[in-house]
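Notes for the structure review
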Amino acid sequence: ETKKNKSNSKKNKAVLIQEEKIEDYSETKKDESTSKKNKDIQVQEDKIEENVETKKNKSNSKKNKAVLIQEEKIEDYSETKKDESTSKKNKDIQVQEDKIEENVETKK
């Protein structure tokens, strides 16, 4: 009877130890799975952040190009206006010179 009890006690301890090992293994696997999921989520978040940055940079680049083009157009317009103004002044001067010459001719 005593031997039977000792034997059962050993079996019960072995079962308990086995159950603890299974529980520990299960917990470890759960932790590993959670850790892997968290890493995957972090990687996705990083990719999304990177994508947002890239889009932002592209958007800024487009805006900068648009500003440059606008500045060039303004500069071209300004140059054109300056050229037109100079051309008009030159014509006015020419007209005045012609009138002076005509006047001189008339007076002679």
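Refer to the structure printed above.
Presented here is a report on the structure given in the accompanying data block.

Along the chain, the regular secondary structure elements total one helix and zero strands. Seen through its principal axes, the chain has C-alpha atoms that stretch 160 × 10 × 5 Å. Across the 108 residues in the chain, those meeting the buried criterion constitute 0%. In the form shown here, the chain has an accessible surface area of approximately 10800 Å², with 51% of it arising from carbon and sulfur atoms. Positive and negative side-chain charges of the chain, numbering 28 and 27 respectively, have mean locations separated by a distance of 11 Å.

Where like charges cluster on the molecular surface, the positive patch consists of K3, K6, K10 and K13. Mapped onto the secondary structure, K13 falls in helix α1 (residues 2–107). In this structure K13 comes out as exposed when scored by relative accessible area, which is 54%.

Below, the discussion takes up the pattern of salt bridges. The full count for this structure, using the stated rule, is seven salt bridges. Between K81 and E84 there is a salt bridge, with the nearest N and O atoms lying 3.5 Å from each other. Of this pair, K81 and E84 both sit in helix α1, three residues apart, which is roughly one turn of that helix.

A word on a negative patch on the surface. Residues E97, D98, E101, E102 and E105 make up a contiguous surface patch of negative charge. Residue class for D98 comes out partly exposed when judged on its relative accessible area of 40%.

Okay, the environment of N5 next. By the element assignment, N5 lies in helix α1. For N5 and E102, which are 97 residues apart along the polypeptide, the C-alpha to C-alpha distance reads 143 Å.

Parameters and conventions
- Residues numbered from 1 in each chain as written.
- Predicted model: local features only at pLDDT ≥ 70, side-chain atom pairs only at ≥ 80, totals over all residues.
- Heavy atoms only, no water.
- Helix = DSSP H or I, 4+ residues; strand = E, 2+ residues; numbered from the N terminus.
- Buried < 20%, exposed > 50% of the residue type's maximum accessible area, 1.4 Å probe, protein only.
- Areas by Shrake-Rupley, 256 points an atom, 1.4 Å probe, with all protein chains shown as cover.
- Lys, Arg positive; Asp, Glu negative; His and termini not counted.
- Charge placed at Lys NZ, Arg CZ, Asp CG, Glu CD.
- Patch = residues over 30% accessible without salt bridge, like charges linked within 9 Å, V, L, I, M, F, W, Y side chains within 5 Å.
- Salt bridge = Lys/Arg side-chain N within 4 Å of Asp/Glu carboxyl O.

Scope: geometric values only; no functional claims are made or implied.
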